[in-house]
Each structure stands twice: as C-alpha cells, then as structure tokens.
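# Results of the structural survey
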Amino acid sequence: MTIRQAPEALSDKALAALHAVDDARPLGLYLHVPFCATRCGYCDFNTYTAGELGSSSSPQSWMEGVRRELDAAAELVSPVRKVSTVFVGGGTPSLLGGDGLGDLLDAVRDSFDVADGAEVTTESNPESTSPEFFATLREAGYTRISLGMQSAAQHVLSVLERTHTPGRALDAAREAADAGFEHLNLDLIYGTPGETDDDLAASIDAVLSVPIDHVSAYALIVEDGTAFARKVRRGEVPMPDDDVLAARYEMLDERLSQAGLTWYEVSNWARAQEHSGLPAPGSACRHNEMYWRSDDWWGVGPGAHSHVNGVRWWNQKHPATYSASLAGGALPVAGQEILTVEDAHTEKVMLRLRMRDGLAVDVLDDRERMRADVAVAAGLLVRRGDAYVLTDRGRLLADGVVRDILD
C-alpha cells in the first residue's frame, strides 16, 4: 500500500524517526476493536454500540481499514521487523467471534513476521464467549486470554452497568483453561460505591477458585463525560473514597500474595516462581510491559495510540472516519508528538517506578536522587541494588512519589 500523506499525517521528522529504528528492536502491535453490545456507565474508552454507529460503519469496513493500516505499518517500520507481542483490546473483541479474531490474527501475519514464541492476547467479555470460542482462538494461535470480571457481587456489577452475571466470568476462565490456555487474566475493579469489604473478599475468593495466572485490579476512577460521572455530579452515587480504595488495595495485595501471585506492576499480579518470588515465565503480560518500558508499539484501529522511537501519535476516533482515511490512501492520524528529552525522562520515571524491578538510580540527576532518598527515609521507596523500588506503602502513593521526585 502506498501511503499518501494527508494534512494530519505524520511529519517528515516523525517518519524519519520511524525509519531509523533498528530492525532487531522488538515491536508490539495493539489492535483496537471499537464495538460493544452496550456501553458501561464508567467506561470512557473509544467504543460504539450498533445503535451509535448506525450505517456509518461496520465490522467489515473496520476490518478493511485494519488491513490497510497493518500494511502501512509494515511499510513504515520495516516488514522484516519481528512482532513480539500482539494485543487485541476494545471495546469487546469477543463480539467478533472466534473466526473473526482468527481472521484478525491472520491479517497481522499477512503484513508482519510474528516471532516464534510471541505473546498473542485478546480481551474478552465473558458473555460473548463459549468453549467453542476458546477452542477456535487456541487453534488460531492466541496464547493469552484476559477476561473482564470486575466483581463477584451482582449489586456491584449493576452499579457499573455490567451485563454479565457474576459466575459467567469464572465459567469462561475454566472453559479457556480446558481449551489449552495456560495464561489467563481476570480484571477486577474495586472501590465501587456500595461495595463492601466482604464483597471484595468474595471477588478475590472467586478469582482464586479458577485456573488463572494473572490478576489486574484497578480502583474505580470517575472519568469526565461518562454516565457514572453524571450520576456522581447529580448526587445519585458518592465519589469513591480514597481511604477505602487504599484499604481495598491492601486487601487485594495481601490475599493475592498469600495465594502465590506477586505484584510486578502496581495494578498487576502474576503467578510467582516458588523460590525467587518473581513472575513465572509467561505469567506477566509482556505486551503491557512494553508500555511501561516505553518500547515500540503500533496501535491499529480507531483511536489507537502508537509509540515508535520517541514518536507518539493517535488515530482518528470514529470508525467511519478511520476507515475512510485509509481507503483514500492516508494514514488515519489525528495528532502526534515527538517526545523531547525531558518528556522521555518524565515518562521513564513515572512508568518504571510503577514496576517491581523499579527505577535505575542512574536515570535520575543529583537533585532527583536527593528527593528519591527523602522518599526512602519516609518509607515510600527502598534502595535495592542499583534501583529505587516502591515499598508496600509507596505503592499506595505512587503518583505522589513520582511528583515529589520530578518537581
């Protein structure tokens, strides 16, 4: 595919940076599926229901756009560059069905060389999965499944406007394991108004009752523009309480650690090796680690974000506009930035400090190291070898620790 540069497309400087990357450097692909059956009240992701799209877009036109963007990506970053991770997110990728997700992975292989042993993940809504769905994905080459569970309490799911029943996520995890998936993640959300300690404890018990090797747990955030934010503004539900969120996080960490899962990023736990306590091979999400380490990834699909060699850009959000741009031979770029040295430094401190292996001491200048040492004295960081690592208490205050070091 020959790419015509539209007014909003990548600048010459950005394109030069893309071409300059060493072919041996790993590359991740994120593929965004923008379709959902319903819109959850707390969600601010770039997703659309069938009613919202009408006749302006369809899975077919979206897929045509994705194929074109994959071809363009391969042309710009080199078709010989191996893809080490593929992550299909949304939206609700499982609405495509097993065959549709298989076609999507085939499209990736048509454009790129996917490395042997690559991690290939898809998110799935428990309500749109089945034993046959998981068997088809396994045969297609997917290696990892991430299921949205959120809570085992029906009243919590109702507040979040989730449509699945509490037990369906657990059944889906068992079905995926039966299909041969060794790497399974369940997502939890904690701090929803009305959730009790017992509700969260029951959710953790439920997660640990199925054969998963990874848990992601996120505090409920009230995002501007969402239905949930409007309910908070009208006084229909209270804002999540910071003290409650901290206590729930501590409960999660304690229970998951006791069950043999270790934190490797502030909001993520993976099955630990028996002796080292580090994540077992394959249990941590390698694709997400690429984000936290500021590696290279190309985001394909409406609204997807990319980062390659210090260049960041994001696609047009609406599926119809996205597909139309690509059909016209133009990259669907909505905006871009080339990171300055200062930008890259800030991101490295912010992201690496959230990880279990911590932030290398030599990343910081003298003044920042002094501030990091103040955090050590306050019990928020610990010096472990040549790295600063968050303590248990520091994880609760990670954003503040980063601000104190950089300010």
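Residues numbered from 1 in each chain as written. Predicted model: local features only at pLDDT ≥ 70, side-chain atom pairs only at ≥ 80, totals over all residues. Heavy atoms only, no water.

### Looking at the overall build of the protein chain
As a reminder, the rule being used: Secondary structure is summarised from DSSP: a helix means a run of H or I of at least four residues, a strand means a run of E of at least two, and numbering begins at the N terminus for each. Computation of the radius of gyration draws on C-alpha atoms, with the globule rule given as 2.2 Å multiplied by the number of residues to the power 0.38. With a 1.4 Å probe rolled over the protein chains alone, any residue whose accessible area is under 20% of its type maximum counts as buried; one over 50% counts as exposed, and the rest are partly exposed. A contact between two residues is defined here by any heavy atoms of the two lying within 4.5 Å. Accessible surface is estimated by sampling points in the Shrake-Rupley manner with a 1.4 Å probe; for residues, cover comes only from the protein chains shown. As used throughout, the charge tally considers Lys and Arg to be positive and Asp and Glu to be negative, leaving His and the chain termini uncounted. Note on charges: their place is set at NZ of Lys, CZ of Arg, CG of Asp or CD of Glu.
Across its full length, the protein chain carries 16 helices and 15 strands. For the protein chain, the C-alpha radius of gyration of 21 Å lies close to 22 Å, the compact-globule estimate for 407 residues. Along the first, second and third principal axes, the C-alpha atoms of the protein chain reach 55 × 55 × 50 Å. Out of the 407 residues in the protein chain, the part that is buried amounts to 54%. Counted over contacts in the protein chain with a minimum sequence separation of 6, partners at least 24 positions apart contribute 70%. Total accessible area on the protein chain is roughly 17400 Å²; 51% of this is exposed by carbon and sulfur atoms. Here the protein chain contributes 37 positive and 62 negative side-chain charges, whose respective centroids are spaced 2 Å apart.

### As for unusual backbone geometry
The omega torsion across Gly90 and Gly91 is 20°, close enough to zero to call that bond cis. In this structure, Gly91 sits in the loop between strand S2 (82-90) and helix H4 (97-111). The residue Asn309 is not glycine, and still its phi comes out positive at about 50°. Along the chain, the position of Asn309 falls in the loop between strand S10 (305-308) and strand S11 (311-315).

### A word on the sheet that holds strand S15 (residues 387-390)
Test applied: DSSP bridges decide pairing: two strands pair if at least two such bridges lie between them.
With respect to topology, three strands assemble into an open sheet ordered S13-S15-S14, the strand pairing being antiparallel. Each end of this open sheet is capped by a strand with a single partner; those strands are strand S13 (359-360) and strand S14 (381-384). Two elements, S14 and S15, share four bridges in a ladder whose sense is antiparallel. Residue Arg384 lies in a different strand from S15, and its bridge partner there is Ala387.

### Concerning the environment of Thr121
As for its position among the elements, Thr121 is in strand S3 (residues 113-124). C-alpha separation for the pair Thr121 and Ile145, spaced 24 residues apart in sequence, amounts to 5.6 Å. The contacts of Thr121, once residues within four sequence positions are left out, are Val86, Phe87, Val88, Tyr142 and Arg144.

### So, the packing of aromatic side chains
Here is the rule we go by: Classification of ring pairs rests on two measures: the distance between centres of Phe, Tyr or Trp rings, Trp counted by its six-membered ring, which must be within 6.5 Å, and the angle between planes, read as stacked under 30 degrees, edge-to-face over 60 and tilted in between. Lysine NZ or arginine CZ positioned within 6 Å of the ring centre and within 35 degrees of the ring normal marks a charge as sitting over the ring.
For the structure shown, the criterion picks out seven aromatic pairs. Note on Phe133 and Phe134: the rings are 5.2 Å apart at their centroids and 75° apart in plane angle, and the pair reads as edge-to-face. Of the two residues, Phe133 and Phe134, both sit in the buried class. Summarising the aromatic geometry, the rings of Tyr264 and Trp292 are spaced 5.9 Å apart at their centres and angled 65° between planes, so their arrangement reads as edge-to-face. Taken together, the residues Tyr264 in strand S7 (residues 261-265) and Trp292 in helix H11 (residues 286-292) connect sequence positions 28 residues apart. Assigned by exposure class, Tyr264 and Trp292 land together as buried. If you follow Arg138 out to its NZ or CZ, it ends over the ring of Phe181, 5.3 Å from the centre.

### Re the nonpolar core
As a reminder, the rule being used: As used here, the term nonpolar core means buried Ala, Val, Leu, Ile, Met, Phe, Trp, Tyr and Cys residues forming a set that is joined through side-chain atoms within 4.5 Å.
If you look at the biggest cluster of nonpolar residues, it comprises 96 residues, and the most contacted ones within it are Leu31, Tyr142 and Trp298. Excluding residues within four positions of it along the chain, Trp298 makes contact with Leu18, Leu27, Gly28, Leu29, Tyr30, Glu69, Ala73, Leu76, Val77, Ser306, Trp313 and Leu331. Judged by nonpolar contacts, the second largest core, of ten residues, contains Ala270, Ala304, Leu351 and Met355.

### A word on the layout of surface pockets
Short version of the rule: Points on a 1 Å grid over protein atoms alone make up a cavity when a 1.4 Å probe fits among them but cannot get out, and a pocket when they form an open set with protein on both sides within 12 Å along at least five of seven lines; lining residues each have an atom within 4 Å of a point. Grid points are joined across faces, edges and corners, and a volume is the space filled by probe spheres set on the points. Each residue is assigned to one of three groups, with Ala, Val, Leu, Ile, Met, Phe, Trp, Tyr, Cys and Pro labelled nonpolar, Asp, Glu, Lys and Arg labelled charged, and all others, Gly among them, labelled polar.
Its boundaries defined by the atoms lining it, the second largest pocket holds a volume of some 200 Å³. In terms of lining residues, the second largest pocket is bounded by 13 residues, among which Tyr264, Pro279, Glu289, Arg293 and Asp357 are the most central. Residues belonging to the lining of the second largest pocket are distributed by class as follows: six nonpolar, two polar and five charged.

### Observations concerning the pairing of strand S1 (residues 27-33)
Counting buried positions along S1 yields seven of seven residues, so the element is predominantly enclosed. Residues of S1 alternate between two faces, with Leu27, Leu29, Leu31 and Val33 on one and Gly28, Tyr30 and His32 on the opposite face, all of them buried. Where S1 lies against S2, seven bridges are found, and the strand directions are parallel. Each residue of the ladder has a partner; that of Tyr30, found in S2, is Phe87. Pairing between S1 and strand S9 (residues 296-300): five bridges, direction parallel. Opposite Leu31, over in S9, you have Val300 as the bridge partner.

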